[in-house]
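# Chains, contacts and geometry: an overview
Listed below, chain by chain, are the residues.
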Amino acid sequence: MSVRLTTAQALVRFLAAQHTERDGVRRRLITGMWGIFGHGNVAGLGQALVEYADVMPYHQGRNEQAMVHAAVAHARQLDRLCAQAVTTSIGPGATNLVTGAALATINRLPVLLLPGDYFAAHPADPLLQQLEHPVEADVSVNDTLRPVSRFFDRITRPEALIASALQAMRVLTDPAETGAVTLALPQDVQAEAYDWPEEFFAERVWRVRRPAPDPEELAEAVRAIRAAQRPLLVAGGGVHHSGAEAALRAFAEATGVPVASTQAGKGSLRHDHPADLGGIGHTGTAVADGLARTADLVIGVGTRYSDFTTASGTLFQHPEVRFLNLNITAFDAHKLAARTLVCDARTGLERLTRALDGHRVDPAYEAEYRAGKERWERVVEAAYRADDPSAVPTQTQVLGALDAVVGETDVVINAAGSLPGDLHKLWRARSPRQYHLEYGYSCMGYEIPAAIGVQQAAPDTVVWALVGDGTYLMMPTEIVTAVQEGLPVNLVLVQNHGYASIGGLSESVGAERFGTAYRHRAADGTFTGAPLPVDLAANAASLGMEVLRAKTVAELRDALAAARASDRPTCVYVETDPAPTALPAEAWWDVPVAETASREAAIGAREQYDRQVAARRRHL
């Protein structure tokens, strides 16, 4: 039996029939499709979405990159068991996907990209928006998506979709392979009819595996943990993706091994758990980084070991430090010449806990890190404290005011600027999904569309997007989408008149904050004049948000409480005290400094750089 449909209609029907299953729970795989239409997809996927509106929800976006961000955040909130698709026209609509695709793949998060492409039949060349290549006629701008996709195909005949669609689903649902998946769809093929086998549209379930550790690897891991005097566990995003938080808590409580977290792994333990040391690395806490320097065994669970986590190879300084990496991806498990446990995070932690029955770290070590945790909590309290409610708040006081308002299951989203450092050090995560930091790609513009994706995934959850002025100016457009959909996302818009994070970094590397302030050009040609008269709050209001302006700590507290109680998209706008209040870094980060220079700032910065880089180690 067959049914005659266009390629686009067949794809939509196929996607609507795909499901995942993990731990006996079945979910729809593709929960909806984002789209902006142009000549490259309007007659194909656009018509198909109208034809099958009853089985495939459609979401209207304003920027193609933002649509990918929303889809990625949606998948993260749902533990990678659900995903969304994104369709664009050809040309700039397609190339706008590249940044979002890179973010998805770097963070190991699934998203299905369906860009339009040029005519497969080549009836006329060049077409509108076509990139002509002098020696490769089959190249299109969509080829820019190849290096940032985990699977890529161009569907040049309708029947070619069958095999490629199945491969696309395999990659999206494989926890060791997942990321951005691209099916480029020539506009003529989208509209071409074909007799499709009915079996192609049958309900299909993709089981998400929980592979167990190899017995010999497990035995070796147990021996290593038993032999360690100062073990430290580093929790990465894989703990959340696996739903392994309870297994991690059981492991920590049974063994006394302390837990530090990457940006993606924060919240794996509640902030008030005795074994939780907070963030690790360049933006980590003093207690976590102090223990990392003296750890003789580092147990990485679901982490990629980015340079922020390892302090660019300078953090783990014990002369005999070794690594034990539990990761579902062998590529990540083998980093730092580690012993490996290539398996699901939850399954692996459960097996480790059982095999280590009766083993516990030395009580003196446990007392040491608990005392360090108490000291750091006093640092957090001091950073959050605002003794004068009539004063202009600092950025850390903004976080303190938010900390006092959020509920147990609220979600706080951020990605770029100076906020990630403050959040990693200071935020008190109360639940596994509360801390939503995209720091694999640290993409400015992620936060607002991500809030939409999370709100779609968890409609009854209060969602906060924390955005600085630099990030806001990159991509405020999806505010319109939130208003259109009636999604009550909360935007905390922090105005500090420039790129605060890069400004500080610029100063530290001898670049003297050049080009990092949003100010008028002065007589000497530098951007050191008065702040630009840009009213971002008015802009947010013009896009449809309810805007609450806060000038003081007291007004900020009231505004945040009002925003949390609101049932519509709400922006809390606050200008912060310009004096830097960020806590100093507890570990280094390698940003190369000019080797030769005439200016004193750069000369001094290079001297400091040479001292720091000398501590770098290659763990072999």
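Procedures and definitions
- Residues numbered from 1 in each chain as written.
- Predicted model: local features only at pLDDT ≥ 70, side-chain atom pairs only at ≥ 80, totals over all residues.
- Heavy atoms only, no water.
- Axes fitted to C-alpha atoms, helices over the stretch in contact; angles between N-to-C directions.
- Helix = DSSP H or I, 4+ residues; strand = E, 2+ residues; numbered from the N terminus.
- Parallel < 35°, antiparallel > 145°, perpendicular 65-115°, else oblique.
- Left-handed = near helix turned anticlockwise from the far one by under 90°.
- Contact = heavy atoms within 4.5 Å.
- Nonpolar A, V, L, I, M, F, W, Y, C, P; charged D, E, K, R; others polar.
- Buried < 20%, exposed > 50% of the residue type's maximum accessible area, 1.4 Å probe, protein only.
- Arc of directions from axis to C-beta.
- 1 Å grid on protein atoms, 1.4 Å probe; cavity = no way out; pocket = protein on both sides within 12 Å on 5 of 7 lines; lining within 4 Å.
- Points joined across faces, edges and corners; volume = space filled by probe spheres on them.
- Pairing = 2+ DSSP bridges.
- Salt bridge = Lys/Arg side-chain N within 4 Å of Asp/Glu carboxyl O.
- Phe/Tyr/Trp six-rings, centres within 6.5 Å; stacked < 30°, edge-to-face > 60°.
- Lys NZ or Arg CZ within 6 Å of the ring centre and 35° of its normal.
- Right-handed = clockwise from strand over helix to strand, strands pointing away.
- Patch = residues over 30% accessible without salt bridge, like charges linked within 9 Å, V, L, I, M, F, W, Y side chains within 5 Å.
- Areas by Shrake-Rupley, 256 points an atom, 1.4 Å probe, with all protein chains shown as cover.
- Polar contact = N/O pair within 3.5 Å; in protein donor to acceptor, adjacent residues only side chain to side chain.

## What about the packing of helix α10 (residues 245–255) against helix α14 (residues 345–355)?
Packed helix pairs are characterised by how far apart their axes lie and by the angle those axes make with each other. Taken N-terminus to C-terminus, the directions of α10 and α14 make an angle of 25°; their axes are 9 Å apart at the nearest point. The angle between the axes of α10 and α14 places the two elements in the roughly parallel class. α10 and α14 meet at a crossing whose hand is left-handed. Residues Ala 247, Leu 248, Ala 250, Phe 251 and Ala 254 of α10 pack against Arg 346, Leu 349, Glu 350, Leu 352 and Thr 353 of α14. Each residue belonging to the contact of α10 with α14 can be placed in one class, and the counts come to 7 nonpolar, 1 polar and 2 charged.

## Considering α10
Here α10 has its buried residues at Glu 245, Ala 247, Leu 248, Phe 251, Ala 252 and Thr 255. The buried residues of α10 occupy an angular sector of 160° when projected down its axis, which confines them to one face. Phi turns positive, to about 75°, at Gly 256, one or two residues after α10.

## A short note on the layout of surface pockets
Sizing a probe to match a water molecule and rolling it over the atoms shows the empty space that remains. If you add up the space inside the second largest pocket, you get close to 170 Å³. Every residue lining the second largest pocket is counted, 14 residues in all, and those nearest its centre are Phe 119, His 122, Ala 137, Asp 138 and Arg 154.

## Digging into the sheet that holds strand β22 (residues 546–550)
On the basis of which strands lie adjacent, the open sheet formed by 6 strands has the order β19-β18-β20-β21-β23-β22 and parallel pairing. The sheet terminates laterally at β19 (435–437) and β22, the two strands that pair on one side only. Direction aside, the axes of adjacent strands within the sheet are offset by 20° on average. Relative to β19, strand β18 (residues 411–414) runs parallel, the two being bridged by 3 bridges. In the strand pairing of β19, Asn 414 is matched with Leu 437.

## Some remarks on empty space enclosed by the protein
Enumeration over the complete set of coordinates arrives at 2 cavities of 30 Å³ or more. Counted as a void, the largest cavity has a volume near 180 Å³. Only β14 (276–279), α15 (363–384) and α17 (419–426) provide two or more residues apiece to the lining of the largest cavity. If you tally residues by element for the lining of the largest cavity, the top one is α15, at 4 residues. Taken together, the residues that form the lining of the largest cavity break down as 8 nonpolar, 5 polar and 6 charged. Size it by volume and the second largest cavity reaches roughly 40 Å³. Around the second largest cavity sit Ile 448, Ala 451, Ala 465, Ile 479, Ala 482, Val 489, Asn 490, Leu 491 and Met 545, which together line it. At the level of secondary structure, the elements contributing two or more residues to the lining of the second largest cavity comprise α18 (447–457), α20 (479–485) and β21 (490–495). For the lining of the second largest cavity, the residue count by class is 8 nonpolar, 1 polar and no charged.

## Thoughts on the pattern of salt bridges
A full pass over the atoms with the stated rule returns 33 salt bridges. Here Glu 21 and Arg 26 are joined by a salt bridge, their closest N and O atoms 3.6 Å apart. For Glu 21, a relative accessible area of 16% gives the class buried. When salt bridges with common partners are traced through the structure, they connect Asp 23, Arg 210, Asp 344, Arg 346 and Glu 350 into a single cluster.

## Remarks on the side chain of His 619
For His 619, the position within the fold is in the segment after α24 (600–613). Judged by its relative accessible area of 12%, His 619 falls in the buried class. Apart from the residues lying within four places of it in its own chain, the contact partners of His 619 are Phe 316, Val 321, Phe 323, Leu 336 and Ala 337.

## Looking at the environment of Ser 261
Here Ser 261 shows up in strand β13 (residues 259–261). Residues Ser 261 and Ala 457 lie 196 residues apart in sequence; the distance between their C-alpha atoms is 24 Å. Residues in contact with Ser 261, not counting those within four places in the same chain, are Ala 235, Lys 266, Gly 278, Gly 279, Ile 280 and His 424.

## Description of unusual backbone geometry
In this structure, the amide linkage connecting Asp 125 to the following residue, Pro 126, adopts the cis form with an omega of -5°. Along the chain, the position of Pro 126 falls in the loop between β7 (111–117) and β8 (151–154). Positioned with a positive phi, Tyr 305 is a non-glycine residue whose angle comes to about 55°. With respect to the element layout, Tyr 305 can be found in the loop between β15 (297–301) and α12 (307–310).

## Details of the packing of aromatic side chains
Scanning the entire structure with this criterion turns up 12 aromatic pairs. With a centroid separation of 6.1 Å and an interplanar angle of 85°, the aromatic rings of Tyr 305 and Phe 323 are classed as edge-to-face. With Tyr 305 in the loop between β15 and α12 and Phe 323 in strand β16 (residues 322–327), this pair connects stretches of sequence that are 18 residues apart. Both residues of the pair, Tyr 305 and Phe 323, belong to the buried class. Clustering of aromatic rings is evident, with ring pairs tying together Phe 14, Tyr 194, Trp 196, Phe 200 and Phe 201. Above the face of the Phe 201 ring, Arg 13 is positioned so that its terminal group lies 4.3 Å from the ring centre. Of note, Arg 549 hangs over the ring of Tyr 573, and the distance from its end group to the ring centre comes to 5.6 Å.

## Concerning the pairing of β22
Strand direction decides the pairing type here: β22 and strand β23 (residues 570–575), joined by 5 bridges, are parallel. Each residue of the ladder has a partner; that of Ala 550, found in β23, is Val 574. A crossover links β22 with its parallel partner β23, the connecting element being helix α23 (residues 553–565), and its sense is right-handed.

## Points about a nonpolar patch on the surface
On the surface, a cluster of nonpolar side chains totalling about 240 Å² of accessible area is made up of Phe 37, Val 42 and Tyr 58. Within the element layout of this structure, Tyr 58 appears in strand β5 (residues 58–60).

## Some points on the side chain of Thr 283
As for its placement among the helices and strands, Thr 283 is situated in the loop between β14 and α11 (286–294). The exposure class of Thr 283 is buried, given its relative accessible area of 5%. Polar side-chain contacts of Thr 283 include one of 2.7 Å to the side chain of His 424. Residues within four places of Thr 283 in sequence aside, it is in contact with Gln 263, Phe 308, Gly 421, His 424 and Lys 425.

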